[in-house]
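# Structure assessment
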Amino acid sequence: MPSDEKIAIRNLSAWYGDFQALKNINMVIRDRSITAIIGPSGCGKSTFIRCINRLHELKRGAKVEGEVILDGRDVYKMDPVEVRSRMGMVFQRPNPFPNMSIYENVAIGLKLRGIKDKEYIDKVVRESLQKAALWEEVRDKLHELGTNLSGGQQQRLCIARAIATNPEVLLLDEPASALDPISTSKIEDLLVSLKKEYTIVIVTHNMQQAARIGDYTAFFLNGELIEYGKTTQVFENPRDRRTEEYITGRFG
Amino acid sequence: MEMAKTKLIKDKIFTIYCFISLSFAILPLIHIVGTTLVRGIKAVSLEFFISLPKPPGEVGGGIANAIEGSIILAALTMSFSIPVGILTAIYLSEYQDNWFRNLVRLLSDTFAGTPSIVAGVFAYSLIVRKFGFSAIAGAFALSILAIPTIVRSSEEALKLVPIDVREAGLSLGAEKWKVITKIVIRAARPGIITGILLALARIMGETAPLLFTAFGNPEFVRSPFEPVSALPLVIYVYATSPYPDWHQKAWGAALILMLMVLAINLAVKYKLRR
Ligand SMILES: Nc1ncnc2c1ncn2[C@@H]1O[C@H](COP(=O)(O)OP(=O)(O)OP(=O)(O)O)[C@@H](O)[C@H]1O
Ligand SMILES: [Mg+2]
């Protein structure tokens, strides 16, 4: 295995009650790259990334088998709080914390870790908002409610919140699905610039988006990983017929 | 054309009908508020607020002891009921289903329907019979009434906070209890505060449970272990006394109580609108 291996997924299966949503997934996610997860609705994309940061097991009746190895250690043998503190997550729907200002939304991750140094927090809040391409729009209203921002701004706020704690891995579940093209392209630019520092896994329904920003692409179908490789290979020269059908829109 | 006319008439009749019904509902209310205002205002003076009552039959004095007592009772009740109520609500809404949780919910729902006099009897047999009348005993009885209200509204408010918010908190690498106390409670705060204020408005006006717990006291109190007076108690005692001056004071106390409860309800309205 190349040394740029960040997360290795071994024989990962996941269930909701009796329903198996993921079937024996094996793949390696590379450090400082963007891995795009594509596949039809209900194929298990969200379940997959929620298994990586151990959110899946919180659902009622949920079960996980297999290993998710982060820098050589199985996250399922680690404290889930530690696992999640090393990974940031951005959800499909923007979910800024209610009754919290823009500033507090970004600062809360640090505060929950017991960091009190006001100057340091101020600096991190500003830098995170800058990285999330939101700073210019909110610098004069940091103390207004985060939930009062527009949908696209809220999603960028959630990205700022996720990167403020400086995680190693960023998991994004269709972060741009509810956004206009301008916000979407801002977020894409942001992700491309963030991959210098982070390992990014992004679920997307948008084929062009996967092709534009993904270094690697994984195609899921009915809980199985059908194809995984360099994005150029998956898109231009898919090995599996089903991948080709999905990518060219001739699916189902 | 004819059809339209009939419709218009039916509409008018309906409006008038509504208006008459409304009057039936609202006129007594206006009458009560009006009478309390007119009669109560005559009793109100500076002395009324700051001095203690004169011995029975003598004119003058005030109800400072009752105002103090009501504040002490409210403070004691709330400082006990708010943490207990919110923590119970957190337990009910944030943790897995099990038999103990169902028991807690059953208890809380049962208490929610408790007539206030029963809460008083309960406090009487549990506390007063051993330790005598006291503010603590009164606050205990009032807490039995306040806690279920706070539990219920807090639980509702917590349940309205989307799962997404909890997951986002956990995904930041925070422990569950920190996510609850720092993020989820915060999100549910308006609903929780509303519940607290409603509970407060309710206990401020309770009389029955205080009769045999807080009991009443013509003096200021120095500790929560002494019996205390309260506005509803003075209203009850003064209104049923044979002295005209006390009758007037009862109206005055009623006015103050009414204004306090009104203020709390306005606070709730304001909170809800935001
Ligand atoms: N809480 C749940 N209980 C039961 N089944 C669930 C639950 N959540 C998801 N599933 C099922 O698991 C499968 C995978 O769901 P998942 O959310 O991972 O799909 P997805 O690929 O993210 O879909 P989408 O693109 O629509 O978001 C689906 O068949 C779904 O019905
Ligand atoms: Mg999904």
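In the block above lies the structure referred to throughout.
This text gives an overview of the structure that appears in the document. In this text the structure is predicted, and so the values were computed from the model without any measurement.

The residue Ala168 of chain B is located in helix H7 (residues 163-171) in this model. Residues Ala168 of chain B and Ile183 of chain B, 15 residues apart in the sequence, show an inter-C-alpha distance of 9.7 Å. Other than its neighbours up to four places away in sequence, Ala168 of chain B contacts Phe91, Asn95, Phe97 and Arg161 of chain A.

Take the pairing of strand E7 (residues 169-173) of chain A next. Residues and elements named next belong to chain A. The buried fraction of E7 amounts to 5 of the 5 residues, a majority that puts the element mostly inside the structure. The side-chain alternation of E7 yields two buried faces, one formed by Val169, Leu171 and Asp173 and the other by Leu170 and Leu172. Of the strand pairs in this sheet, strand E6 (residues 87-90) and E7 are connected by 4 bridges, and their pairing is parallel. Along E7, the bridge assignment pairs Met89 with Leu171. Both E7 and strand E8 (residues 199-203) contribute to a ladder of 5 bridges, which runs parallel. In the strand pairing of E8, Val169 is matched with Thr199.

Attention now goes to the state of the cysteines. All names here are of chain A. In total, this model carries 0 disulfides over all chains according to the counting rule given. You can see Cys43 has no disulfide; the closest cysteine sulfur is in Cys51, sitting 13 Å from it. Judged by its relative accessible area of 2%, Cys43 is buried.

In this section: helix H1 (residues 45-52) of chain A. All names here are of chain A. Summarising burial for H1: 7 of the 8 residues are buried, a large majority. Listing the buried residues of H1 in full gives Lys45, Thr47, Phe48, Ile49, Arg50, Cys51 and Ile52. One or two steps after H1, the chain reaches Arg54, where phi turns positive at roughly 65°.

Residues and elements named next belong to chain A. Here the phi dihedral of Asn11 falls at roughly 50°; this positive angle occurs in a residue that is not glycine. Located in the positive-phi region is Asn166, a residue other than glycine, with phi close to 55°. One can find Asn166 in the loop between helix H6 (151-164) and E7.

Residues and elements named next belong to chain A. Lining the immediate environment of ligand 1, one finds 14 residues, of which Ser41, Gly42, Lys45, Ser46 and Thr47 sit closest. Tyr16 is positioned with one of its side-chain polar atoms (N or O) 3.5 Å from a nitrogen atom of ligand 1. Between Gly44 and ligand 1, the recorded distance is 3.0 Å, taken from a backbone N or O atom to an oxygen atom. Protein contact buries 65% of the 630 Å² of open area that ligand 1 shows by itself. Ranked by residue count, the leading element in the shell around ligand 1 is H1, at 3 residues. Within the shell around ligand 1, the residues separate by chemical class into 4 nonpolar, 7 polar and 3 charged.

Right, let's get into the interface of chain A and chain B. Each partner contributes residues to the interface: chain A has 24 residues there, and chain B has 19 residues. In this assembly, chain A packs against chain B so that about 2000 Å² is buried in total across both faces, 60% of it on carbon and sulfur atoms. Of all residues in chain A, the largest losses of buried area upon contact with chain B belong to Phe97, Asn99 and Leu112 of chain A, amounting jointly to 30% of the total for that side. If you look at where chain A meets chain B, you find 3 salt bridges. With its nearest N and O atoms 2.6 Å apart, the salt bridge here joins Glu104 of chain A to Arg186 of chain B. Summed over the shared surface of chain A and chain B, the number is 8 residue pairs in polar contact (both at pLDDT 80 or more).

What counts, and where the lines are drawn
Residues numbered from 1 in each chain as written. Chains lettered and ligands numbered in written order. Predicted model: local features only at pLDDT ≥ 70, side-chain atom pairs only at ≥ 80, totals over all residues. Heavy atoms only, no water. Helix = DSSP H or I, 4+ residues; strand = E, 2+ residues; numbered from the N terminus. Contact = heavy atoms within 4.5 Å. Buried < 20%, exposed > 50% of the residue type's maximum accessible area, 1.4 Å probe, protein only. Pairing = 2+ DSSP bridges. Disulfide = S-S within 2.5 Å. Near = heavy atom within 4 Å. Polar contact = N/O pair within 3.5 Å; in protein donor to acceptor, adjacent residues only side chain to side chain. Areas by Shrake-Rupley, 256 points an atom, 1.4 Å probe, with all protein chains shown as cover. Nonpolar A, V, L, I, M, F, W, Y, C, P; charged D, E, K, R; others polar. Buried area = accessible area lost by both parts, 1.4 Å probe. Salt bridge = Lys/Arg side-chain N within 4 Å of Asp/Glu carboxyl O.

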